[in-house]
Amino acid sequence: MQRLNSYLHSEKTPPYVVNLDPAVLKIPYGANIDIRDSVKYKKVMENYNLGPNGAIVTSLNLFSTKIDQVISLVEKKSDKYKNVIIDTPGQIECFIWSASGAIITEAFASTFPTVIAYIVDTPRNTSPTTFISNMLYACSILYKTKLPMIVVFNKTDIQKADFAKEWLTDFEAFQEALRSNEDDETQGSGYMNSLVNSMSLMLEEFYSQLDVVGVSSYTGEGFDEFMKAVDNKVDEYNDYYKSERERILKEKEEKEKLRKEKNLSHLMNDLGISDKNKGKRDEVDVLSDTEDYEEGENDGLVPHDDDEGVEREYTFPGDRQNGEINDNTNEALQARYQNAYEKTAKEASSKTAENIAKYINQQ
Ligand SMILES: Nc1nc2c(ncn2[C@@H]2O[C@H](COP(=O)(O)OP(=O)(O)OP(=O)(O)O)[C@@H](O)[C@H]2O)c(=O)[nH]1
């Protein structure tokens, strides 16, 4: 971050800098937006009784609630700055695999052309096994974020990145390195090498989507090439990723709309509120029984099985007694339907929602 920042300053195109690492003590570059201004990592650890990684995720969760403000701040500066550089926590899994990490990435990616730079410690990746593990990690990030990626081999002042570029483009060369690795008894077993062999075949497709550069943050070597790769990936983002992302988002929105409508009408059926469905009231046991459950389809609600032997609470305690609806709670129910209607009507003007409104008004 420090070298990229100073390189862009020397090119007379200073970047807008964002620090998203809540746990860092000092940053040797000036950040325009710093997560540490809004979230105190140590306090989060104490207050929520968390370990280091839990506190990073919680800090990101807290920060992600303000992401709209962050994006509008950055948007306001877009005339003045050509590039925004964002540092994420060193514990990449806390960012990549957390909901807040996804929200933050998504917020940037849906507003600006966004490129991921995956930084590799080159001298520590000269063994084919370590190298392939690292590439698998990079591959998982590419597929998770669905954003263009540049793999940056850093520290070329200590170890040139030529071997890595060769392994990424020449399968035979990687095989050869694996074979000589096998001779070295301190490195992995025969099984391990055959696994690595298969993985490298699988990764070929991934490699074809990458831009690879070698840099030294120590000497500044390779940063011209890095910025060229960024421009190249921005073009790629505009040509391919943008429309692909829009398509996925639209699909997601439509699915979500359908799911909401379906859930709402099931809810009505289940509780016997709709006149049309009054007769069905006795057939339905619990809300989830009315649905074909698919994993990931209903925001973490799982089908409730009365015979499972584990005492679980209903989503709305008090609505049911011995599996029956308690008629005394009608008022509360109606308030909730009204609420649900208003919410649903805002998000999608569905027929189901209109019917609920009519029903409530008649009552
Ligand atoms: N020789 C050499 N050392 C480097 C280079 N880049 C970084 N370092 C050193 O590597 C160490 C880690 O660098 P950081 O910039 O803190 O790495 P980081 O990935 O931001 O670390 P976290 O995000 O906190 O995990 C420091 O001691 C740096 O001085 C380089 O190009 N050459």
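Quantities reported herein were computed from a predicted structural model and do not represent experimental measurements.

Asks: Could you give me a rundown of the packing of aromatic side chains, with the residues and numbers involved?
Replies: When we look at a pair of aromatic rings, we describe it by the centre distance and by the angle of the planes. The final tally for this structure, using the stated rule, is 11 aromatic pairs. Measuring from ring centre to ring centre gives 6.2 Å for Phe131 and Phe153, while their planes differ by 10°; the resulting arrangement is stacked. Linking Phe131 in helix H8 (residues 128-145) with Phe153 in strand E5 (residues 149-154), this pair joins segments that are 22 residues apart in sequence. Comparing Phe131 with Phe153, the two get one shared label, buried. Judged by centre distance (5.5 Å) and plane angle (80°), the ring pair of Trp167 and Phe174 falls under edge-to-face. As far as burial versus exposure is concerned, Trp167 and Phe174 are alike and both buried. Ring pairs connect the aromatic residues Phe131, Phe153, Phe163, Trp167 and Phe174, which therefore count as one cluster.

Asks: Before we move on, could you go through the environment of Ser198 and cite the residues and values that matter?
Replies: Along the chain, Ser198 falls in helix H11 (residues 190-208). The class of Ser198 is partly exposed, set by a relative accessible area of 46%.

Asks: So what about the site of the ligand? Which residues, and what values?
Replies: Looking at the ligand, the residues that line it are Gly90, Asn154, Lys155, Asp157, Ile158, Ser216, Ser217 and Tyr218. Between an oxygen atom of the ligand and a side-chain N or O atom of Lys155, the distance comes to 3.2 Å. Between the ligand and the protein, one listed contact pairs a nitrogen atom with a side-chain N or O atom of Asp157 at 2.8 Å. A total of 650 Å² of accessible area belongs to the ligand in isolation, and the protein chains cover 40% of it. Broken down by class, the residue content of the shell around the ligand amounts to 2 nonpolar, 4 polar and 2 charged.

Asks: Now, about the UniProt feature "coiled-coil region" (unreviewed entry) in the protein chain: what can you tell me, with residues and values included?
Replies: In this numbering, the UniProt entry assigns the feature "coiled-coil region" (unreviewed entry) to residues 241-270. For the annotated span residues 241-270, helix accounts for 100% and strand for 0% of the residues, and the straight-line distance between the end C-alpha atoms is 42 Å.

Asks: Please give an account of the packing of H8 against helix H9 (residues 162-169) that cites residues and values.
Replies: Taken N-terminus to C-terminus, the directions of H8 and H9 make an angle of 65°; their axes are 12 Å apart at the nearest point. Compared by their axis directions, H8 and H9 come out roughly perpendicular. Every pair of crossing elements has a handedness; the one defined by H8 and H9 is right-handed. In this structure, H8 contributes Pro128, Phe131 and Met135 to the contact, and H9 contributes Ala164, Trp167 and Leu168. Class assignment for the residues of the contact of H8 with H9 results in 6 nonpolar, no polar and no charged.

Asks: Outline a negative patch on the surface, supporting the account with residue identities and numerical values.
Replies: On the surface, a cluster of negative charge is contributed by Asp162, Glu166, Asp170 and Glu172. As for its position among the elements, Glu166 is in helix H9. Relative accessible area serves as the criterion here: at 42%, Glu166 is assigned to the partly exposed category.

Asks: Summarise unusual backbone geometry; cite the residues concerned and give the values.
Replies: Positive phi is not limited to glycine here, since Asn49 has a value of about 55°. Relative to the elements of secondary structure, Asn49 occurs in the loop between helix H3 (41-48) and helix H4 (52-64). For Asn49, a relative accessible area of 71% translates into the label exposed.

Asks: Can you explain the packing of H3 against H4? Please cite residues and give values.
Replies: In contact at an axis separation of 9 Å, H3 and H4 are set at 110° when each is read in the N-to-C sense. Comparing their axes, H4 and H3 come out roughly perpendicular. Each of Tyr41, Val44, Met45 and Tyr48 in H3 lies in contact with H4, whose residues at this interface are Pro52, Ala55, Ile56, Thr58, Ser59 and Leu62. Class assignment for the residues of the contact of H3 with H4 results in 8 nonpolar, 2 polar and no charged.

Asks: Could you give an account of the environment of Ser180, naming the residues involved and the relevant values?
Replies: In this structure, Ser180 sits in helix H10 (residues 171-183). On the basis of relative accessibility, which here comes to 42%, the residue Ser180 falls in the partly exposed class. Along the primary structure Ser180 and Leu50 are separated by 130 residues, whereas in three dimensions their C-alpha atoms are 45 Å apart. Of note is the side chain of Ser180, whose polar atom sits 3.0 Å from the backbone oxygen of Ala177.

Asks: Account for the environment of Phe171, with residues named and values stated.
Replies: Along the polypeptide, Phe171 turns up in helix H10. When near neighbours in sequence (up to four residues on either side) are disregarded, Phe171 contacts Asn197, Ser200, Leu201 and Glu204.

Rules used throughout
For every chain, the first residue of its written sequence is number 1, and the numbers climb from 1 along that sequence. It should be noted that, the model being predicted, local features are given only for residues of pLDDT at least 70 and side-chain atom pairs only at 80 or more, the latter also being counted only at that level, while totals for whole chains, interfaces and linings use all residues. The basis for the side-chain values is all heavy atoms of the structure; hydrogens and waters are excluded. The aromatic pairing rule takes the rings of Phe, Tyr and Trp, using the six-membered ring of Trp, and pairs them if the centres are within 6.5 Å, calling planes under 30 degrees apart stacked, those over 60 edge-to-face and the rest tilted. The way it works is that DSSP assigns letters per residue, a run of H or I at least four long becomes a helix, a run of E at least two long becomes a strand, and they are numbered from the N terminus. Between buried and exposed lies partly exposed: a residue is buried under 20% and exposed over 50% of the maximum accessible area for its type, with that area taken using a 1.4 Å probe on protein chains only. Working definition: residue near molecule or strand if any one of its non-hydrogen atoms lies within 4 Å of it. Any N or O atom pair separated by 3.5 Å or less is treated as a polar contact, with the protein-specific requirement of one donor-capable and one acceptor-capable atom, and with residues adjacent in sequence counted only for side-chain atom pairs. For the accessible areas, the method is Shrake-Rupley and the probe is 1.4 Å, while residue cover comes only from the protein chains on display. Only Asp, Glu, Lys and Arg are considered charged, only Ala, Val, Leu, Ile, Met, Phe, Trp, Tyr, Cys and Pro nonpolar, and every remaining residue, Gly among them, polar. UniProt positions are given in the numbering used here, feature names are shortened, and annotations may be inferred rather than shown by experiment. Between N-to-C directions, angles span 0 to 180 degrees; the directions come from axes that are lines fitted to C-alpha atoms, helices contributing only their stretch in contact. Working definition: roughly parallel below 35 degrees, roughly antiparallel above 145 degrees, roughly perpendicular at 65 to 115 degrees, and oblique for all remaining angles. Each crossing gets its handedness from the near helix: less than a right angle anticlockwise from the far helix is left-handed, clockwise is right-handed. In what follows, a contact means two residues having at least one pair of non-hydrogen atoms within 4.5 Å. Only residues whose relative accessible area exceeds 30% and that form no salt bridge are eligible for patches; like-charged ones are grouped when within 9 Å, while nonpolar side chains (Val, Leu, Ile, Met, Phe, Trp, Tyr) are grouped when within 5 Å. The term salt bridge refers to a side-chain nitrogen of Lys or Arg lying within 4 Å of a carboxyl oxygen of Asp or Glu. When charges are counted, Lys and Arg contribute as positive and Asp and Glu as negative, whereas His and the chain ends are disregarded. Lysine's charge is taken at NZ, arginine's at CZ, aspartate's at CG and glutamate's at CD.

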